Amino acid sequence: MEYIIIILLIIILIVSIISLTKNINESNITERLGKMETTVVKELSDFNITLTQNMNQDFGTLNERMEHRLNLINDKVNERLDQNFERTNKTFTSVLERLSKIDEAQKKIDLLSNDIVSLQSVLTDKKTRGIFGEVNLKHILTSVFGENNNHIYALQYSLENGTIVDCMLFAPEPLGNIAIDSKFPLENYQAMVNKSNSEMVRNNAEKLFKTDMKKHIDAIANKYIIPGVTSDQAILFLPAEAIFAEVNAYHQDIIDYAYAKKVWITSPTTLISTLTTIQIIMKNIERDKYASVIHQELRLLDTEFKRYKERWDKLYRSIETVSRDVKDIHTTTNKISKRFDLINGVEMEKLTYDENEGME
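What you are looking at is a predicted structure, and each value in this text was computed from that prediction instead of being measured. (Residues numbered from 1 in each chain as written. Predicted model: local features only at pLDDT ≥ 70, side-chain atom pairs only at ≥ 80, totals over all residues. Heavy atoms only, no water.)

Q: Looking at this structure, how should I read unusual backbone geometry?
A: Excluding glycine, residues mostly have negative phi values, and the peptide bonds linking residues are mostly trans. Positive phi outside glycine occurs at Gln156, with the angle close to 50°. Residue position: Gln156 is located in strand β1 (residues 153–158). At Lys262, a position not held by glycine, the phi torsion is positive, near 60°. (Helix = DSSP H or I, 4+ residues; strand = E, 2+ residues; numbered from the N terminus.)

This is the structure:
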């Protein structure tokens, strides 16, 4: 903008010079041009100084504004960077926490995988399967009756015929002692339910599974049901809910066979319910036992109460007689009191009369 103004001023000066040259004479053109040149040079010099000062001032102001703007932008950028860094730090911290949780979960999964592998190795051996069933049975008995409750149940109990049952439940009559034995027919069951096996293999495994179950039922019925020693019934405990569900859902012939042998098939869930029911029955039997004692004591108390009533009636009659005598005495006392009051009143009137006569 300033350059345009300078150019305009120069043009105006040139026009002025041309107009002046028309009015002056040839004689003083050089003189006037010299003066005019001097004036123009001076004015241009002054204008140049003023323009330089203004431009320097404008550039200084513009520089200050630019620096102020840059400082504001720098502060804003730093603020945004700090905010973004804080968010990034929080996100990174959260990611680290999640990674640590994932790592912990992975460790638990690895441990669980090891446990599953260990459990599978346990279940592949018949002896260890038996131990697993006994431990499961003990846990259920402890949950229902408490630990070391020897007057209600005993583990690994020896019978008179020389056999050892996993658990003997001591119930009062008419229940009697009930034997509980753990059985775990696994191999043929797994082959029977494995869909990858052929139908022929599965059918053969099903027959073997039924044979295993009936053998277990026969063993329990023959070993653990002893007339005069145990109850006429026993419990077969299956530690696996899946096997119990398979038997009840698809093998009614096994249920009927066990029913005929008086062997009740249970799983962990149904055994808890069965033991809880037996516990309630035992409490009711104990309650009935004490009820007969209470009834006998009530009869004796009734005799004592009748004797007490007779004595109380006798005492009541005596008290009633005494009460009538007291009432009669009270009536007589009132009459005597009234007589004394009357006598006292008469003497007072006579005394007053005698005194009046003496005064006259």
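Q: Would you explain the side chain of Asp166 in this entry?
A: Mapped onto the elements, Asp166 comes out in strand β2 (residues 164–170). One buried charged residue, Asp166, forms no salt bridge at all, with the nearest opposite charge on Lys183 at 6.3 Å. Those residues in contact with Asp166 that sit more than four places away from it in its chain are Glu134, Leu137, Ala154, Leu155, Gln156, Ile180, Asp181 and Ser182. (Buried < 20%, exposed > 50% of the residue type's maximum accessible area, 1.4 Å probe, protein only. Lys, Arg positive; Asp, Glu negative; His and termini not counted. Salt bridge = Lys/Arg side-chain N within 4 Å of Asp/Glu carboxyl O. Contact = heavy atoms within 4.5 Å.)

Q: I tried to follow the packing of helix α6 (residues 241–250) against helix α7 (residues 252–260) on my own but got confused; where do I start?
A: Geometry of a packed helix pair, given as the angle between the helix axes and the separation of the axes. Where α6 meets α7, the closest approach of the two axes is 5 Å, and the angle between their N-to-C directions is 95°. When the axes of α6 and α7 are compared, the pair comes out roughly perpendicular. Counted together, Val247, Asn248 and Tyr250 of α6 and Gln252, Ile254 and Ile255 of α7 form the full contact between these two elements. (Axes fitted to C-alpha atoms, helices over the stretch in contact; angles between N-to-C directions. Parallel < 35°, antiparallel > 145°, perpendicular 65-115°, else oblique.)

Q: I keep staring at the packing of helix α5 (residues 199–224) against α7 and nothing clicks. Help me out?
A: Where α5 meets α7, the axes come as close as 10 Å, and the angle between the chain directions of the two elements is 10°. The orientation of α5 with respect to α7, classified from their angle, is roughly parallel. Handedness of the crossing formed by α5 with α7: right-handed. Note on element contacts: α7 touches α5 through Asp253, Ile254, Tyr257 and Ala258, opposite Phe209, Lys210, Met213, Lys214, Ile217 and Asp218. Within the contact of α5 with α7, the residues separate by chemical class into six nonpolar, no polar and four charged. (Left-handed = near helix turned anticlockwise from the far one by under 90°. Nonpolar A, V, L, I, M, F, W, Y, C, P; charged D, E, K, R; others polar.)

Q: Honestly, the packing of aromatic side chains in this entry has me stumped. Any pointers?
A: Given two aromatic rings, their pairing is described by the distance between the two centres and the angle made by the two planes. Tallied over the full model, the rule gives four aromatic pairs. Seen from their ring centres, Tyr189 and Phe209 are 6.1 Å apart, and the 50° between their planes marks the pair as tilted. Separated by 20 residues along the polypeptide, Tyr189 in helix α4 (residues 187–193) and Phe209 in helix α5 bring together distant segments of the chain. Given the relative accessible area of 0%, Phe209 is considered buried. We note Lys214 situated over the ring of Tyr257; from NZ or CZ to the ring centre the distance is 5.5 Å. (Phe/Tyr/Trp six-rings, centres within 6.5 Å; stacked < 30°, edge-to-face > 60°. Lys NZ or Arg CZ within 6 Å of the ring centre and 35° of its normal.)

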